[in-house]
Each structure stands twice: as structure tokens, then as C-alpha cells.
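Below are the chains, spelled out letter by letter.
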Amino acid sequence: MPDDASPNPYAEERWLEALARGDSRALGKLHDVYGERVFRYAYRMLGNRSDAEDVAAETFLRVLRRAADLRADGAFKTWVFRIARNLCIDKMRQQKLMELPPDAAYGGGEERTTLRLAVHAALAELSMEYRDPLVLCDLEDLSAKEAADVLRISVPALKSRLYRGRRALREKLAGTVEL
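Let us look at the structure shown here. (Residues numbered from 1 in each chain as written. Predicted model: local features only at pLDDT ≥ 70, side-chain atom pairs only at ≥ 80, totals over all residues. Heavy atoms only, no water.)

Attention now goes to the side chain of Asp 132. Looking at the secondary structure, you find Asp 132 in helix H6 (residues 128–139). Polar contacts involving the side chain of Asp 132 include one to the side chain of Arg 85, which spans 2.4 Å. Aside from chain neighbours lying at most four places away, what touches Asp 132 is Tyr 41, Met 45, Arg 85 and Leu 151. (Helix = DSSP H or I, 4+ residues; strand = E, 2+ residues; numbered from the N terminus. Polar contact = N/O pair within 3.5 Å; in protein donor to acceptor, adjacent residues only side chain to side chain. Contact = heavy atoms within 4.5 Å.)

Given below as C-alpha cells:
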């Protein structure tokens, strides 16, 4: 199943119920659907592949550990992104001994790579208040409701942050790239 595809809600419900009963194969199914998206979110929040891989792996370990607490009510996507977000915040709070440069293995032409690196750097300069909504909505294609649930804010507050974040991002990129 492609990483952007949403599972059939009934299939997801069955996987969650199976996981709660201890069937670890169900975690594989959930990882197939959400693993790449969680990794991309963590990568965009943290800026390097190694930390993003750590967060993605830890996210699904926590899903496995808390499988008995899961409700098959359609909120799994919100829950898994909330776990990933909290792990990203923890990772950013940790004192780093050595700062790694952002991975530049995006593929595409040199101009496209330059643009992606500029956007990545500008995103990294934004506060979490603005970066989170931009990554969740604009890059990971979560709905405003889903992103608001992940961030535990109202939809109007999310939309306000998106507006301000997009404006701040445009300002940061204004002198760097042609928009």
C-alpha cells in the first residue's frame, strides 16, 4: 500500500484489535501504512535522517507497548503523530554533542535540491508553534482537524498558526529563493 494511502477503516480497526490481542503482525500492517509518513514528519521536524529513524522506530515501539490502550475509533493516525511529535520535542530538547548537517539526498536537479534545503533551513528557524502546523498540514497532508487533534489545539487556532507560519516562512525565504 502506498505510504500516502489511507487504509480501509475496517481494516485498520481489525489491525488495532489484533494488536491489542498481541498479534505483532498487525503492527507491521500499521507500519506499512504510517511508517513512512511518521519518518518524513520526524525528518522534517528534526533535520537529519538518523534522529528521524530513531523517532520513527520509537514511535512504533510505543504503539506496540500501549496496544492494549488503543481504541479502534479512527483516531489512530492522530495518536501515532502525537507520539512522534512528543518524541521529536524530546529529541530537540536533548543536548547534542555534535550537530549533523541536514541530509541533502533528495534527488532531482541542483536547483530543486537548493530550494528544498532552503525551505528545510527556513522551517528549522521557525518556532514549534508554526513549524508543527506547516509540517503536519502542508507536508504530511493531515486535515486541519487531524492536525489540531495532534497538537491539542482548536481548528481556528491551527488555522491561525498556519497563516502566520506560512507568512513567516515566505519572509524567511524571500531573499533566498525565487517563490
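Don't stop here, the text continues.
What follows deals with the packing of aromatic side chains. Enumeration according to the criterion identifies 4 aromatic pairs in this entry. A centroid spacing of 6.0 Å and a plane angle of 50° characterise the contact between Phe 76 and Trp 79, whose relative ring orientation is tilted. On the criterion of helical spacing, the pair formed by Phe 76 and Trp 79 is a turn pair, its members being 3 residues apart in helix H4 (residues 76–93). On the accessibility criterion, Phe 76 (2% relative accessible area) is buried. Among the aromatic residues, those joined into a ring-pair cluster are Tyr 34, Phe 76 and Trp 79. The ring centre of Tyr 43 lies 5.6 Å from the NZ or CZ of Arg 49, which sits over that ring. (Phe/Tyr/Trp six-rings, centres within 6.5 Å; stacked < 30°, edge-to-face > 60°. Buried < 20%, exposed > 50% of the residue type's maximum accessible area, 1.4 Å probe, protein only. Lys NZ or Arg CZ within 6 Å of the ring centre and 35° of its normal.)

Its location among the elements puts Glu 171 in helix H8 (residues 155–173). When the C-alpha positions of Glu 171 and Ala 122 are compared, they lie 9.3 Å apart, and in sequence the two are 49 residues distant.

Bear in mind that shape data such as this cannot, by itself, settle questions of function.
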